[in-house]
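Structure assessment
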Amino acid sequence: VALKPPTGYDHKAVETESFEEKKLRLMRTVGEAVIHLTELNSVAEEILGIMVDELRANRGFICQFADDGTAGLPLASYGVGPSERVVVSKTVCNEMLNNRSGILMTQECDSRAISASLEESSVRSTICVPLWTKDRITGFVSLEMTQSGRAFTKGDLELLISVSHQAAIGLERSRLGELALEERRHRDYLAQFFDHKLIRSVLTSSSVDDPLAPGEQVVTILFGDIVGFTKLSEGLRPQDLAAFIQDHFTAMTDILFKHNGTVDKYIGDAIMALFGAPVSDPEAAQKAVQAALAMRDYVNENSDPQVQMRFGIATGTAVVGNIGSAQRREYTAIGDTVNVASRLESLARPEEIVVDESTAE
């Protein structure tokens, strides 16, 4: 994110400030700026703009370290043209990490490596200050002076260090806020398919970015439908039929969730469910049969006598995950196991639960 030109302090008005007064003013300015912002890049832009303007830097960056410890792309940058590549000196960054504190470097410093690195980047002097979160360095602020005859001072370094902790807190608060928002979105997405207990298992056990990515695993597939539904529906008004189906599927879904099942889809008056996915379960077959028994009992006890169900259950390998087109995907299972369960359901008589040999075993 390239910063807009700094809004500009009235530097003449603050020339009479003592150093301590300047520190307090800068800390207050940073604190007030970040408290009203939540988006990470916006917070970084605001902090960098204040620091660049206060120290009259020609270039500046705020970077966060990736999980592997490498410096990622800057969250905010200043003094870099639209077509220019952002370059942060690795030599200066490593020196900051080795010292674990802020550093001030110039082309005239004793280190040949740093002097050469700055000269190559046309930097007269630079300040690099770590951003601490608890006991680790999560990123850094780097300011650069490129104009000849100007250089940062030790006072500038101390000033930047004095506000770095406040800056780090603001950035970390924004980062955690964005993570929380992303997790809420993820949970809302998973809630379409899973019971809340299963969602917790998915989020805590998964080590991949997308726990619903397609993959092969052993599952138990359940199909259940209402026997004679076409005849039943002929005697109901459309609104009554819709209400009946909604109540029926709500009850069946509650039973499936109670037995750690996942709703795959509703097909007319039928329901397809998975057990043992996305989290593997050695008792998937047993839970599928228990769910079918509970669903049958519920219908017998709470529905019209002419409403009966039949079930088909099969256990085996299937490809499970988000499958579909670029425009629309759904969490489902495909493969022979699914086909077998569907055929068994079509062969079952009213009230029967037909299972394949793998499920029986």
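Everything discussed here concerns the structure shown above.
One structure accompanies this document, and this report is about it. Quick caveat, the model's predicted, so the values are computed rather than measured. Positions within a chain are numbered from 1, following the residues in the order the chain's sequence is written. Thresholds applied to this predicted model are a pLDDT of at least 70 for local features of residues and 80 or more for the giving and counting of side-chain atom pairs; totals over whole chains, interfaces and linings are not thresholded and use all residues. The basis for the side-chain values is all heavy atoms of the structure; hydrogens and waters are excluded.

1. Overview of the packing of aromatic side chains
To be explicit about the condition: Working definition: rings of Phe, Tyr and Trp (its six-membered ring) pair if their centres are within 6.5 Å, and the pair is stacked with planes under 30 degrees apart, edge-to-face with planes over 60 apart, and tilted otherwise. In this description a helix means any DSSP run of H or I spanning at least four residues, a strand means any run of E spanning at least two, and both kinds are numbered starting from the N terminus. Each residue is assigned to one of three classes by its accessible area relative to the maximum for its type, calculated with a 1.4 Å probe on protein chains only: buried under 20%, partly exposed between the two thresholds, exposed over 50%.
Throughout the structure, instances matching the rule amount to two aromatic pairs. Their ring planes at 45° and their centres at 5.7 Å tell us that F65 and F140 sit as a pair that is tilted. Here the residue F65 occupies a position in strand β1 (residues 59-65), and F140 occupies one in strand β5 (residues 136-145), the gap between them amounting to 75 residues. Summarising the burial analysis for this pair, F65 and F140 share the class buried.

2. Some thoughts on the packing of helix α2 (residues 19-35) against helix α3 (residues 40-55)
Selection criterion: Working convention: axes come from line fits to C-alpha atoms, limited for helices to the stretch in contact. Angles between N-to-C directions cover 0 to 180 degrees. Small angles under 35 degrees read as roughly parallel and large ones over 145 as roughly antiparallel, with 65 to 115 read as roughly perpendicular and the rest as oblique. Note on convention: the crossing is left-handed when the near helix lies turned anticlockwise from the far helix by less than a right angle, right-handed when the turn is clockwise. It only takes one pair of heavy atoms within 4.5 Å for two residues to be counted as in contact. By the convention adopted, Pro, Cys, Tyr, Trp, Phe, Met, Ile, Leu, Val and Ala count as nonpolar, Lys, Arg, Asp and Glu as charged, and the other residues, Gly among them, as polar.
Between α2 and α3, whose axes approach to 9 Å, the crossing angle comes to 160°. Here α2 lies roughly antiparallel to α3, going by the angle between them. Note on packing geometry: the crossing formed by α2 with α3 is right-handed. Counting all contacts with α2, which are made through K22, R25, L26, T29, V30, A33 and V34, the residues of α3 involved are V43, E46, I47, I50 and E54. Residues of the contact of α2 with α3, tallied by class, amount to seven nonpolar, one polar and four charged.

3. Details of α2
Just so we agree on the cut-off: Residue count minus one, scaled by 1.5 Å, sets the expected span of a helix.
The first and last C-alpha atoms of α2 sit 24 Å apart over 17 residues, in line with the 24 Å expected at 1.5 Å per residue. Residues of α2 that are buried: K23, R25, L26, V30, G31, A33 and V34.

4. Section: the nonpolar core
Let me state the cut-off plainly: For the purposes of this section, nonpolar cores are sets of buried Ala, Val, Leu, Ile, Met, Phe, Trp, Tyr and Cys residues that join through side-chain atoms within 4.5 Å.
Residues I47, M51, I62, L143 and L171 are the most contacted members of the largest nonpolar core, which totals 32 residues. Setting aside its immediate chain neighbours within four residues, M51 contacts V141, L143, L160, V163 and A167. F257, V263, A284 and V307 belong to the second largest nonpolar core, which has 25 residues in total.

5. Comments concerning the pairing of strand β7 (residues 261-267)
Put simply, the rule is: When DSSP finds two or more bridges between two strands, those strands count as paired.
Across six bridges, β7 lies against strand β8 (residues 270-275) in antiparallel orientation. Of the residues in β8, the one forming a bridge with V263 is A273. A loop of two residues connects β7 with β8, the two strands running antiparallel in sequence, and G268 in this loop sits at a positive phi of about 65°.

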